[in-house]
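Here is how the chains run, residue by residue.
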Amino acid sequence: MAISTLPLFIGGKAVFSSSGETFTNYRPMDGAVDREISLAGPDDVELAISVAQNAQEEWATVPGIERGRILLAAARIMRDRRQEIAEIETLDTGKPISETPYADVDSAIDALEFFGGIAMDMKGDFHDLGNGSMAYSIREPLGVCAGIGAWNYPLQIATWKSAPALAAGNAMIFKPSELTPLNAYTLAEIYREAGLPDGLFNVVQGMGQVGAILASHPGIDKLTFTGSVPTGKRVLEAAASTVKHTTMELGGKSPLIIFEDADLDNAVAAAMNANFYSQGEVCSNGTRVFVHASIRDMFLEKLVERTEKMVIGDPMAEETHVGALISEDHGEKVLSYVELGVQQGATLITGGERVEVPDMEGGFYMSPAVFAGCEDHMRICQEEIFGPVMSVLTFQDEKEVIKRANNTEFGLAAGLFTKDLARAHRVVRKLQAGSCWVNNYNLTPAGVPFGGSKQSGIGRENCARTLDHFSEIKSVYVELGDVESSY
Ligand code: NDP
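Predicted model only: the values in this text are computed from it and were never measured. (Residues numbered from 1 in each chain as written. Predicted model: local features only at pLDDT ≥ 70, side-chain atom pairs only at ≥ 80, totals over all residues. Heavy atoms only, no water.)

K.L.:
What's the story with the overall build of the chain in this structure? I'm lost.
P.N.:
Check the secondary structure of the chain and you find 14 helices and 23 strands. On C-alpha atoms alone, the chain measures out to a radius of gyration of 24 Å, which is about the 23 Å that the 2.2 N^0.38 rule sets for 487 residues. Overall size of the chain, expressed as C-alpha extent along the three principal axes, is 80 × 60 × 40 Å. The buried share among the 487 residues of the chain stands at 57%. Long-range contacts, defined here as pairs at least 24 residues apart, represent 73% of the contacts in the chain between residues at least 6 apart. Accessible area for the chain stands at about 19,700 Å²; split by element, carbon and sulfur atoms hold 51% of it. Each charge sign in the chain was given a centre, from 40 positive and 66 negative side chains, and these centres are 6 Å apart. (Helix = DSSP H or I, 4+ residues; strand = E, 2+ residues; numbered from the N terminus. Rg over C-alpha atoms; globule rule 2.2 N^0.38 Å. Buried < 20%, exposed > 50% of the residue type's maximum accessible area, 1.4 Å probe, protein only. Contact = heavy atoms within 4.5 Å. Areas by Shrake-Rupley, 256 points an atom, 1.4 Å probe, with all protein chains shown as cover. Lys, Arg positive; Asp, Glu negative; His and termini not counted. Charge placed at Lys NZ, Arg CZ, Asp CG, Glu CD.)

And the structure:
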């Protein structure tokens, strides 16, 4: 993408906003200006909706197997461009290059392959009603879907939303976060090259206002949103004005429970993944780590030793484990939570400091923080920090820890470590969370539903049932006999 201003993508081509306005994209790694981004206004959104509506009418009649083939072709193109796309993602997010080929690009490829494979499986039911009469149901696409994304997994979010939408016969207009606008455009290029008809995947760039237009627009039939709970609530209110179908993937403050019989090395590894991967900017992170009191000291010792070996640095360097936080503002917010934790009486046992990385002065880097001696009421244990800050709490028994783990408005995810399988399944049944991991954390393979309960969301992504969230049922009653009349 050797261009100085990134355009919008509408109707199968690059277009600049009708106002000519742009906004600046900065690189998290060093704070340098990356490029200007064309800023969509209401006219551009109108154009995108109208081309999407026209294209979708035709797309809905294309057999599922052919829709799927296009997604599979897109997967192949993405695989060929894997490293280049991973580098764009690292540039745009500050996440280390040791992660983005796998957690971002491969995850997007998996989604394209998964939904490409099941696009032909949109089917309804048949009901024999006796006397030759029958009813059947048809799954039909919804129309034009809007996708609004967060900045932490921009390519994954755009693909997890668009692949099922397109597989089910819809069109999509996608608005990435203003902080990470790049790879939604790459995805649009890939879909076009794969043979997706013009107008079916459109990218409009801009801030929350652009998302707000989409959320309330009567031409949008479904809204799928990934972001924070407060924004999600606003978006839901706007979507209610036209009673849109919605999928909401929101924030979390998930518990990770380490029982006394856990394999400690694995538990430590998982707790680190669950808090420090992608600089801790992961919605499903297990940021409340409940450790059985009898193994607390051993757990903390191993945890600190390994955490202090993590390499903080240039996100483009292969050896880097911890890259740059998304922005200066966000970094300051994360550090303010570290201060708050200390003020409220938790013990900071490692990290939690801003780190200067040579030649990356404008980037915001920090050492992964571990708090011990945490208590449930502390704000670091209640609020989503979205940075590399782990809170370790202790517990004595199973019943107690389940109650404390569930004592939150969030319900995105949960994890537990134990060698006792009966206990694992018993506890999982009681945890209020959309995804639970036993003896691991944060794995999201294609095909396995992902999404939140309670205030963490509505609906599920990444699985066959997602097609249900991108379609609706039409019931057809067929009478083969005479009409019985009471008159
Ligand atoms: P935000 O809620 O701030 O923003 C999400 C998206 O909504 C952005 O594209 C934003 O635009 C847009 N937006 C802002 N205001 C409005 C509005 N009024 N109407 C419509 N759209 C609007 O989230 P972040 O980008 O800060 O992402 C972090 C959050 O995302 C965390 O809470 C995290 O837990 C959650 N998340 C959830 C995931 C899940 O699957 N459950 C996965 C990943 C993240 P802009 O940024 O351009 O202003």
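K.L.:
In this structure, what is going on with the site of the ligand? I would like to understand it.
P.N.:
The immediate surroundings of the ligand are formed by 29 residues, with Gly-149, Glu-178, Ser-228, Leu-250 and Glu-384 found nearest. A distance of 2.9 Å is found between an oxygen atom of the ligand and a side-chain nitrogen or oxygen belonging to Trp-151. In this structure, an oxygen atom belonging to the ligand sits 3.4 Å away from a main-chain N or O atom of Gly-227. Taken by itself the ligand offers 910 Å² of open surface, and the protein chains cover 86% of this. Looking at the shell around the ligand residue by residue, the classes come out as 13 nonpolar, eleven polar and five charged. (Near = heavy atom within 4 Å. Polar contact = N/O pair within 3.5 Å; in protein donor to acceptor, adjacent residues only side chain to side chain. Nonpolar A, V, L, I, M, F, W, Y, C, P; charged D, E, K, R; others polar.)

K.L.:
How should the sheet that holds strand E5 (residues 33-38) be read in this particular structure?
P.N.:
Strand pairing in a sheet relies on backbone hydrogen bonds. The paired strands run either parallel or antiparallel. One open sheet accounts for three strands, arranged E1-E5-E4; its pairing is mixed. The strands lining the two open edges of the sheet, one partner per strand, are strand E1 (5-6) and strand E4 (22-26). Strand direction decides the pairing type here: E4 and E5, joined by five bridges, are antiparallel. Paired with Tyr-26 across the bridge in E5 is Val-33. Sheet contacts for helix H6 (residues 182-194): E1, E4 and E5; angle to E5, the most-contacted strand, approximately 60°. (Pairing = 2+ DSSP bridges. Axes fitted to C-alpha atoms, helices over the stretch in contact; angles between N-to-C directions.)

K.L.:
In this structure, what is going on with the environment of Arg-465? I would like to understand it.
P.N.:
Tracing the backbone through its elements, the reader meets Arg-465 in the loop between strand E22 (457-458) and helix H14 (466-469). Owing to a relative accessible area of 58%, Arg-465 belongs among the exposed residues under this scheme. Residues Arg-465 and Asp-263 lie 202 residues apart in sequence; the distance between their C-alpha atoms is 34 Å.

K.L.:
How should the side chain of Asn-183 be read in this particular structure?
P.N.:
For Asn-183, the location among the structural elements is in helix H6. Among the residues examined, Asn-183 registers a relative accessible area of 0% and is labelled buried. If near-sequence neighbours (up to four positions away) are discounted, Asn-183 is found in contact with Ile-85, Ile-88, Glu-89, Asp-92 and Leu-155.

K.L.:
When you look at a nonpolar patch on the surface in this model, what are you seeing that I'm missing?
P.N.:
Together, Phe-126, Tyr-136 and Ile-138 make up an exposed nonpolar region whose accessible area comes to about 280 Å². Inspection of the secondary structure puts Ile-138 in strand E7 (residues 134-141). (Patch = residues over 30% accessible without salt bridge, like charges linked within 9 Å, V, L, I, M, F, W, Y side chains within 5 Å. Salt bridge = Lys/Arg side-chain N within 4 Å of Asp/Glu carboxyl O.)

K.L.:
Whenever I open this one, the environment of Phe-23 confuses me. Can you help?
P.N.:
With respect to the element layout, Phe-23 can be found in strand E4. Put simply, Phe-23 and Glu-178 are 155 residues apart on the chain and 8.6 Å apart in space, counted from C-alpha to C-alpha. Beyond its immediate stretch of four places on either side in the chain, Phe-23 contacts Arg-35, Glu-36, Ile-37, Ser-38, Leu-39, Glu-178, Gln-205, Gly-206 and Met-207.

K.L.:
How should the pairing of strand E12 (residues 245-249) be read in this particular structure?
P.N.:
The side chains of a regular strand alternate between both faces of the sheet. With respect to burial, E12 is a largely interior element, four of its five residues being buried. The β-α-β motif built from strand E11 (residues 222-226), the intervening helix H8 (residues 229-240) and the parallel element E12 has right-handed crossover chirality. Summarising the sheet, E12 and E22 pair through two bridges and their orientation is antiparallel. Paired with Met-248 across the strands is Ile-458, a residue of E22. (Right-handed = clockwise from strand over helix to strand, strands pointing away.)

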